[in-house]
Amino acid sequence: MVKYTDEKLIKIIRGKNTKDEILEKIVNLIDENTDLVIDKKIFLENIMEREKIGSTGIGMGIAMPHTRCEGVKDLVVSIALLETPVDFGAIDGELIKVVVLVGGPKEKGQEYLKVMSSIARIFREKENRDNIKTARTEEELIKSIMEIEHWE
């Protein structure tokens, strides 16, 4: 999974933001720091549409907004730690502290599902969640993410 992200796509989002503002900031982060976004508007619209279908808050303070669409060239993963937790309508009712946004082109379905599964597995482990959630700086956040042993 490390091949789908890098330090430029790992960020602490400071201040109080709505869910939509957070999603827009993460899409902008991907657009500004990679050459993978073909159409930012399509990418963001697809992320927002997916949220309308059902919450991507998987529980334990983690959300995994995701989409496969024409707006991106290849798989990409961005991770944001929220200074102020946000309500994503998670299945356990917990506010979201970590957002892992996954984007990919429609033709990469198998690889996309593998990445999504890997992320879910990583965040099932309390130690991984806690290490990421307690980071105070972006350097600490990056270090805690890169130290996870089974990033594939």
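Rules and cut-offs
Residues numbered from 1 in each chain as written. Predicted model: local features only at pLDDT ≥ 70, side-chain atom pairs only at ≥ 80, totals over all residues. Heavy atoms only, no water. Phe/Tyr/Trp six-rings, centres within 6.5 Å; stacked < 30°, edge-to-face > 60°. Lys NZ or Arg CZ within 6 Å of the ring centre and 35° of its normal. Salt bridge = Lys/Arg side-chain N within 4 Å of Asp/Glu carboxyl O. Helix = DSSP H or I, 4+ residues; strand = E, 2+ residues; numbered from the N terminus. Buried < 20%, exposed > 50% of the residue type's maximum accessible area, 1.4 Å probe, protein only.

Trainee: Any details on the packing of aromatic side chains? Residues and values, ideally.
Mentor: By the definition in use, this model includes zero aromatic pairs. For lysine 19, the ring lying beneath its charged end belongs to phenylalanine 88, and the centroid distance is 5.3 Å. If you follow arginine 68 out to its NZ or CZ, it ends over the ring of tyrosine 112, 5.5 Å from the centre.

Trainee: Now, about the pattern of salt bridges: what can you tell me, with residues and values included?
Mentor: The tally for this structure, following the rule as stated, stands at eleven salt bridges. With a shortest N-O distance of 3.7 Å, glutamate 138 and lysine 11 are connected by a salt bridge. Placement of glutamate 138 in helix α5 (residues 138–146) and of lysine 11 in strand β1 (residues 10–13) is noted, with a sequence separation of 127 residues between them. Classification of lysine 11 as partly exposed rests on a relative accessible area of 34%. Across the pair glutamate 83 and arginine 14 runs a salt bridge whose closest N-O atoms are separated by 3.6 Å. Here the residue glutamate 83 occupies a position in strand β5 (residues 76–86), and arginine 14 occupies one in the loop between β1 and α1 (19–33), the gap between them amounting to 69 residues. Judged by its relative accessible area of 38%, glutamate 83 falls in the partly exposed class.

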